[in-house]
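# Secondary and tertiary structure notes
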Amino acid sequence: MTRFVFASLIALGAAASLSSVAQAQDEPARGIYAVARAGASVNSEQKFDVDSLPSQFDDKTKYKTGLTGEIGGGYDFGMFRVEQTIGYNGNSLNLKDLGTDNLPASGRTRSYNVSVSGYVDIPLHAVFVPYLGGGIGASRVDANLSRTGANGLSSSYAGKDWGMTWHGDAGIGINVAPKTTIEVGGRYSQTSKLAFDGQDAGAATRYEPKLRTLSGTIGVRHIF
């Protein structure tokens, strides 16, 4: 009888310990974290107001798929995160339907971004956790673009400028360890307030494009 009681007490203690561990694992980790993301910008374009700025450029100019990425840190409050990151995005001009051998075109954009973002983690599952968020910041953009039109006239600009940028994000976090999460996400971002000196048909012109990018990334977050 004594052995039975002793064994029962051990079993109850083990069950209580396992229950405590399970509850601890279910609780979201909180604290300071580091994050790194990398991926591709798959639908990048720039837009001009051609009605107020006649030139050889179309109202929208498309770019090829490029590279994007960012690193940074933040604080996880449990269901809400705040983070600051620095990032990079680069795209070359998509020459399809824009330039030919007789009417050449060229261009690219490179940007370095600093942003502050907030995210809400939606606790629908212990492992797979969707998230939504967005941020705002500044971008240092290095860009150039030139095009010769069917009339033989050309337009071009080149330069560097700071712009205001914002982005909206959505994705899913996969909790692969108590403090480590793999992300798969998408982002729409826009940069405005840019101005570049250039020319149109030999006349000095100032261009003010808006840059828009849709990108997909894979990342990792780790709480310390």
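Residues numbered from 1 in each chain as written. Predicted model: local features only at pLDDT ≥ 70, side-chain atom pairs only at ≥ 80, totals over all residues. Heavy atoms only, no water.

Now for the pairing of strand β4 (residues 66-76). The sheet contact formed by strand β1 (residues 31-41) and β4 spans eleven bridges and is antiparallel. Paired with R37 across the strands is E70, a residue of β4. Taking the residues between adjacent antiparallel strands as the criterion, β4 and strand β5 (residues 80-92) are bridged by three residues, where G78 takes a positive phi near 120°. (Pairing = 2+ DSSP bridges. Helix = DSSP H or I, 4+ residues; strand = E, 2+ residues; numbered from the N terminus.)

This paragraph deals with the nonpolar core. Residues F48, F57, V141, L145, Y157 and F196 are the most contacted members of the largest nonpolar core, which totals 13 residues. In terms of residue count, the dominant contributor to this core is strand β7 (residues 128-148) (three residues). Among residues more than four places away in sequence, those in contact with F196 are V141, A143, Y157, G159, K160, D161, T205, R206, Y207 and P209. (Core = buried A, V, L, I, M, F, W, Y, C linked by side-chain atoms within 4.5 Å. Buried < 20%, exposed > 50% of the residue type's maximum accessible area, 1.4 Å probe, protein only. Contact = heavy atoms within 4.5 Å.)

Quick look at the side chain of T165 now. Among the secondary structure elements, T165 is positioned in strand β8 (residues 154-177). For T165, the side chain forms a polar contact with the side chain of T191, separated by 3.2 Å. (Polar contact = N/O pair within 3.5 Å; in protein donor to acceptor, adjacent residues only side chain to side chain.)

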